[in-house]
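Secondary and tertiary structure notes
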Protein chains: 2
Amino acid sequence: MKKAAPTPQPARGPIDHEVRDQIVTAATEHFSRYGYEKTTVSDLAKAVGFSKAYIYKFFESKQAIGEMICANCLREIEAEVMAAIAETDQPSEKLRRMFKGFTEATLRLLFRDRKLYEIAASAATERWAAVVAYEERVQALLKEILQEGRQSGDFERKTPLDETAAAIYLVMRPYFNPLLLQHSFDYTDAAPGQLSGLVLRSLSP
Amino acid sequence: MKKAAPTPQPARGPIDHEVRDQIVTAATEHFSRYGYEKTTVSDLAKAVGFSKAYIYKFFESKQAIGEMICANCLREIEAEVMAAIAETDQPSEKLRRMFKGFTEATLRLLFRDRKLYEIAASAATERWAAVVAYEERVQALLKEILQEGRQSGDFERKTPLDETAAAIYLVMRPYFNPLLLQHSFDYTDAAPGQLSGLVLRSLSP
DNA sequence: ATAGTGACCATATTACCAAATGGTCACTAG
DNA sequence: CTAGTGACCATTTGGTAATATGGTCACTAT
């Protein structure tokens, strides 16, 4: 019962085209150097060597370009966390790493890639498709770990899986949603540990 | 080992003075009707019938007045939640009510008293003394409930109390910090229930 | 001494207009 | 037909001068 995201691929023009990639590359460069707002579509056009109008043959809007970059960014974070998770077999340790990994990666986005954060913030506020998809994937990842833990006997099996997953997601959310994380700087050191602890206690059989 | 809050009573002039109360009354009225930013100190002076300069005999700044109002507001929320908690004896039910009560009260502040929310937001962002004190009181309340539950045998006793309290506080925080709550509207219905459930599972002996 | 204020200052806000930006489209070159 | 664009429009944004606001202080009246 899962409908396609509101804007799965509203892309214009040929999906697979050299110029499209050039635009994305230029946008990544410009957005992360000068920021999303400060970069104009004309800047990107100049960088690619075409006219502004041509950009719009490939992207519906500036936001659509931002959405690409943002999606890449989120995929990167996700990949990093998944790598950390894959290093261990214990479901409980996976949960801990998931928590810590997302917090650190999001934090890095906020500090190291300050400019890109700007996009992520807009994306989260306006609930761009890329963000909705990201959140869904994170929830799916969480559910996988939970199921694995249930099968291995590490986690309790009484509470409905969906409820457990939803609750744990709510616990984690403030630490990988950039908007929320912003208001939790004082806690980012201790929170992942303390909260994984609490969550794992709640999962004990 | 608890130091006094950074600004316990930086109040100017006589603490107990009719005019001070009049100012607070007028400020409550104006702030909740027109908003904190839109209300000028001169407006308050006019409402009270004195000159603007006289206001400053009682308050160090406009923010100090806002802090008063904000503190009242928070005390009200707190009182309401404490009343709901006092209705039951079961520590687990107390926790549930605490969670639900704070969420609903904060939500009401956000919607019904939209104008006052403006102050609460500034207060939370800039960590005014009133907010710091409020957070400390909430944590203390939480600890009380936990200790009660431990003594009655309802809650586990292995995990250090301070750690349990800190973790649960982190779970609750997004729902009674106005800044965070703002980004969680989609979850305010389900979250208190689901999260109390998770927390209580983590507390089971 | 106490209750109270007008006049004043530095900064923040507003109001306004010119320039810049996101976005479209009819059009040309090949 | 395809690749590409200059000219154009409505809306934002940026800059700036005028105004309003937070805050102080020397001062008066009692």
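Residues numbered from 1 in each chain as written. Chains lettered and ligands numbered in written order. Predicted model: local features only at pLDDT ≥ 70, side-chain atom pairs only at ≥ 80, totals over all residues. Heavy atoms only, no water.

If you look chain A up in an unreviewed UniProt entry, it shows as Transcriptional regulator, TetR family from Dyella marensis.

**Observations concerning the UniProt feature "DNA-binding region" (unreviewed entry) in chain A**
The cut-off we apply is this: UniProt positions are given in the numbering used here, feature names are shortened, and annotations may be inferred rather than shown by experiment. The way it works is that DSSP assigns letters per residue, a run of H or I at least four long becomes a helix, a run of E at least two long becomes a strand, and they are numbered from the N terminus.
Per the UniProt entry, the sites bearing "DNA-binding region" (unreviewed entry) are residues 40-59 of chain A in this numbering. Taken end to end, residues 40-59 of chain A comprises 75% helix and 0% strand; its first and last C-alpha atoms sit 14 Å apart.

**Some words on the relation of the copies chain A and chain B**
Each of the two chain copies goes to the other by way of a rotation about an axis and a shift along it. Short version of the rule: The copies were overlaid by least squares, fitting only the C-alpha atoms of residues that reach a pLDDT of 70 or more in each copy.
Least-squares fitting of chain A to chain B yields an RMSD of 0.1 Å, with the transformation described by 0.0 Å of translation along the axis and a rotation of 180 degrees. Expressed as a symmetry operation, the mapping of one chain copy onto the other fits a two-fold axis. When C-alpha distances to the rotation axis are compared across chain A, the minimum falls at Ser202(A), with a value of 1.8 Å.

**A look at the domain arrangement of chain A**
Residue and element names in this part refer to chain A. This is how it is decided: As used throughout, domain bounds are those supplied by an automatic or database domain assignment. The contact criterion used throughout is that any non-hydrogen atoms of two residues lie within 4.5 Å. Buried area: the accessible surface (1.4 Å probe) lost by two parts on joining, summed over both. Throughout this description, the term salt bridge denotes a Lys or Arg side-chain nitrogen within 4 Å of a carboxyl oxygen of Asp or Glu. Any N or O atom pair separated by 3.5 Å or less is treated as a polar contact, with the protein-specific requirement of one donor-capable and one acceptor-capable atom, and with residues adjacent in sequence counted only for side-chain atom pairs. We call Asp, Glu, Lys and Arg charged. Ala, Val, Leu, Ile, Met, Phe, Trp, Tyr, Cys and Pro are nonpolar, and the rest, Gly among them, are polar.
Under the domain assignment used here, chain A contains domain 1 (13-60) and domain 2 (63-200). For domain 1 versus domain 2, the separation of C-alpha centres amounts to 29 Å. Counting residues at the interface gives 15 residues for domain 1, matched by 12 residues for domain 2. The contact between domain 1 and domain 2 buries some 1100 Å² in all, and 76% of this surface belongs to carbon and sulfur atoms. Per-residue buried area on domain 1 facing domain 2 is highest for Phe31, Tyr36 and Phe59; these three make up 47% of the total on that side. At the boundary of domain 1 with domain 2, the tally comes to 0 salt bridges. Linking domain 1 with domain 2 are 2 residue pairs in polar contact (both at pLDDT 80 or more). At 8 residues, the largest contribution of residues to the side of domain 1 that touches domain 2 is made by helix H1 (residues 18-34). Among the residues forming the side of domain 1 that touches domain 2, the class breakdown is 9 nonpolar, 3 polar and 3 charged.

**Side note on the interface of chain A and chain B**
Of the residues lining the interface, 27 residues belong to chain A; the matching set on chain B comes to 27 residues. Of the roughly 2400 Å² buried at the junction of chain A and chain B (both faces included), carbon and sulfur atoms supply 63%. The tally of links between chain A and chain B comes to 2 salt bridges. Viewed at the interface, chain B and chain A are joined by 6 residue pairs in polar contact (both at pLDDT 80 or more). If you list the elements that add at least two residues to the side of chain A that touches chain B, you get helix H8 (161-176), helix H9 (178-181) and helix H10 (191-203) of chain A.

**Focus on the packing of aromatic side chains**
Under the convention used in this document: Stacked, tilted and edge-to-face pairs are distinguished by plane angle, under 30 degrees for stacked and over 60 for edge-to-face with tilted covering the rest, among Phe, Tyr and Trp rings (Trp via its six-membered ring) whose centres lie within 6.5 Å. By definition here, charges over rings are those cases where NZ of Lys or CZ of Arg is within 6 Å of the ring centre and within 35 degrees of the ring normal.
Across all of its chains, the model carries 18 aromatic pairs over all chains by this definition. Clustering of aromatic rings is evident, with ring pairs tying together Phe102(A), Tyr134(A), Tyr169(A) and Phe176(A). Note that Arg20(A) overlies the ring of Phe59(A), its terminal NZ or CZ placed 5.1 Å from the centroid. Note that Lys62(B) overlies the ring of Tyr36(B), its terminal NZ or CZ placed 4.6 Å from the centroid.

**Overview of the packing of helix H4 (residues 62-86) of chain B against helix H5 (residues 91-111) of chain B**
All names here are of chain B. Which entries qualify depends on this criterion: To get an axis, a line is fitted to the C-alpha atoms, and for a helix only the part in contact is used. The angle between two axes follows their N-to-C directions and goes from 0 to 180 degrees. Crossing handedness is defined as follows: a turn of the near helix away from the far one that is anticlockwise and smaller than a right angle gives a left-handed crossing, while the clockwise case is right-handed.
Two elements in contact, H4 and H5, have axes separated by 9 Å at closest approach and are oriented at 150 degrees. At the point where H4 passes H5, the crossing takes the right-handed sense. Contacts from Cys73, Ile77, Glu80, Val81, Ala84 and Ile85 of H4 reach H5 at Lys94, Arg97, Met98, Gly101, Phe102, Ala105, Arg108 and Leu109. A per-class count over the contact of H4 with H5 returns 9 nonpolar, 1 polar and 4 charged.

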